[in-house]
Amino acid sequence: MNTKLSLLSGCSLLAAIVSAQTQRPNVIVLLGDDVGSGDLSCYKGKVSTPHIDRLAARGTMFTDAHAAAATSTPSRYGLLTGQYPFRRTGTDVADGNAEMVIRPHQYTLADMFKEAGYATAAIGKWHLGLGSRRAQQDWNGTIDATPADIGFDYSCIMAATADRVPCVFIENGSVRNYDPTAPIEVSYVKNYEGEPTGKTHPHLLKLQPSHGHDMSIVNGISRIGYMKGGGSALWQDENIADSIAHFAIDWVERHLDENARRGEQQPFFMYLCTNDIHVPRWPHSRFVGRSGLGLRGDAILQFDETVGRVMEALEKRGIADNTLIILSSDNGAVLDDGYADQAEELKGDHRENGMLRGGKYSAYEAGSTVPFIVSWPAGRVPQGKTSKALVSQIDAIRSLAVVAKGNVADSLATDSRDQHATWLGRSDKSREYSVAMAYNRSVSIRTKDWKYIPPTKGRPMVGWGPKIETGFSSEPQLYDMKKSVEEQENVAKKYPKVLRRLQQKLSEVVGAVAR
Ligand code: NG6
Ligand code: CA
């Protein structure tokens, strides 16, 4: 090779390195539903999740990560807005005909990416309401407030959860595969005349409810709420995971093709939410019986396969190295959440929430502690790392803004903090504190070393079916997390100064006004 040529190729090599370092990555936030901090095999779970384990091996796996709440709607609200859900009413678990919980004028994670020049999409479970007015959505036409109003260029979503009507996917504000021969009606107040329900026609069910979930029957499963119609647009429960994986991969493919057509390299942000492993757990037949832990374990296998399919698609298109994936869950694990799927009976020695006390809904740690993996290839972030740093999903906007080179005005996402160095595994610095909301809207606070649950009204056990300790008590509770993460010994009386410090911090956080 002559000198000029080698100099040239040296230059282009350098240019390629510089561009790889300056090119902003695609970002996927991949959120499971009710996946506990002990449910994945990289977190000592008994169901093998090889794809997720591979994701963890390509980055940092966090063992002290928190959602903003112990149920879905408020947790997702916190992740997407960077504002705590307790600051606003109307952030509790949403019905399928709730109005859009995040107001169109609110700033979101998707807005941040979009303003930074990213293409954006929301895929899968939504559970943040749709339309501008409750129960006024036009399910047979176009819904008037959608993810498009809060920064998502594209959306293909479930309105709420698989156990809530309407049981259809909604693509950009209209029912996907709409069936004009079966107009859709939805009510959370009363049934439609002549329509069977789980309560009146239990013999029609392939999965019996254990509590609640006795209203409209769709595909032999009774749900929360009433619906009529849908026809060929109705989802098939066993295909939900495949559909969601397909929507996600299809959108990425279309985006890359569009980039190629325009000769551009526009990065993308995808908020990809699985239905797994929420109830009703009705995985595809290829998973049934495979985990040995019953349908809940089989749904974990399905969740893992979805992750694997997405990773494979990125690899095939050559963008895996330039895609940052954050895998997490919206809240802690629950076993029996309303269907007799034997999750409890078949779990063996699987510990869905690891050593933590409580579960989904709780003020105890298992309520909002979630798996959290930040994955990006070698050269970008340390590989195969486990971090004990305290992290919270509330920081998504400001931490990912650094990665996306986005700008977030001080007046926006006011509860979010830039923790990118910790998220990317480059620092072990914990967040100063993490606050989370339990299902009764009470708010507790964690620091790396302590946990404080203020006195709150409510029973010690969840009242409607799941066998879960709430952590609610009329006494202030303080737990020494250095000593044990199991929240067994209330040391409030032993450490009055620590108690006062945390009380003060919590009231500061709660008292701060969201702008
Ligand atoms: C509860 C449901 C539960 C689940 C939860 C929301 C009953 C008896 N229980 O009200 O099954 O749907 O709401 O879960 O209806 S979440 O993960 O989406 O927050
Ligand atoms: Ca959930």
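Below is a short write-up of the structure. (Residues numbered from 1 in each chain as written. Chains lettered and ligands numbered in written order. Predicted model: local features only at pLDDT ≥ 70, side-chain atom pairs only at ≥ 80, totals over all residues. Heavy atoms only, no water.)

**Some words on the sheet that holds strand β16 (residues 434–437)**
And step 1. Across the sheet, which stays open at both edges, the four strands sit in the order β16-β17-β18-β19 with antiparallel pairing between neighbours. Here the strands that pair on one side only, and so sit at the sheet edges, are β16 and β19 (477–480). This sheet shows a mean twist of 15 degrees between the axes of neighbouring strands, independent of strand direction.
And step 2. As defined by bridge partners, β16 adjoins strand β17 (residues 443–446) across four bridges and the pair is classed as antiparallel. Residue pairing for β17: M437 is matched across the bridge by V443.
And step 3. Helix-sheet contacts for helix α9 (residues 496–511) involve β16, β17, β18 (450–453) and β19, and the interaxial angle to β18 is about 65 degrees. (Pairing = 2+ DSSP bridges. Helix = DSSP H or I, 4+ residues; strand = E, 2+ residues; numbered from the N terminus. Axes fitted to C-alpha atoms, helices over the stretch in contact; angles between N-to-C directions. Contact = heavy atoms within 4.5 Å.)

**Here we look at the pairing of β19**
And step 1. Taking every second residue as pointing to the same face, both faces of β19 are buried, with Q477 and Y479 on one and L478 and D480 on the other.
And step 2. Sheet topology places β18 next to β19; four bridges connect them, and they run antiparallel. Among the inter-strand pairings, W450 is bridged to a residue of β19, identified as D480. (Buried < 20%, exposed > 50% of the residue type's maximum accessible area, 1.4 Å probe, protein only.)

**Brief notes about the pattern of salt bridges**
And step 1. The final tally for this structure, using the stated rule, is 38 salt bridges.
And step 2. With its nearest N and O atoms 3.0 Å apart, the salt bridge here joins D92 to R441. You can see D92 sitting in the loop between α3 (72–81) and α4 (109–115) and its partner R441 sitting in the loop between β16 and β17, a full 349 residues away along the chain.
And step 3. Using a relative accessible area of 34% as the deciding quantity, one classes D92 as partly exposed.
And step 4. With a relative accessible area of 24%, R441 lands in the partly exposed category.
And step 5. One salt bridge connects D257 with R317, and the closest N-O pair in it is separated by 2.9 Å. Note that D257 is positioned in helix α5 (residues 240–262) and R317 in the loop between α6 (294–316) and β12 (323–329), a separation of 60 residues in sequence.
And step 6. Using a relative accessible area of 43% as the deciding quantity, one classes D257 as partly exposed. (Salt bridge = Lys/Arg side-chain N within 4 Å of Asp/Glu carboxyl O.)

**Some remarks on the packing of helix α2 (residues 50–57) against α6**
And step 1. Here α2 crosses α6 at 55 degrees, and the two axes come no closer than 7 Å. Classified by the angle their axes make, α2 and α6 are oblique. Together, P50, H51, I52, R54 and L55 of α2 and F303, D304, E305, V307, G308, M311 and E315 of α6 make up the contact between the two elements.
And step 2. For the contact of α2 with α6, a count of residues per class yields six nonpolar, two polar and four charged. (Parallel < 35°, antiparallel > 145°, perpendicular 65-115°, else oblique. Nonpolar A, V, L, I, M, F, W, Y, C, P; charged D, E, K, R; others polar.)

**Description of the coordination of the calcium ion (ligand 2)**
And step 1. Within the first shell, the calcium ion (ligand 2) binds the protein through D33 (OD), D34 (OD), D330 (OD), D330 (OD) and N331 (OD1), at distances of 2.2 to 2.7 Å.
And step 2. Bound by six donor atoms, the calcium ion (ligand 2) shows angles of 51 to 172 degrees at the metal and therefore irregular coordination geometry.
And step 3. Counting residues between consecutive donors of the calcium ion (ligand 2) along the chain gives the motif D-D-x295-D-N. For the pair D330 and N331, one class covers both residues: buried. (Donors = N, O, S within 2.8 Å, 3.2 Å for Na, K, Ca; no water. Tetrahedral: all angles 85-135°; square planar, octahedral: opposite > 155°, others 65-115°.)

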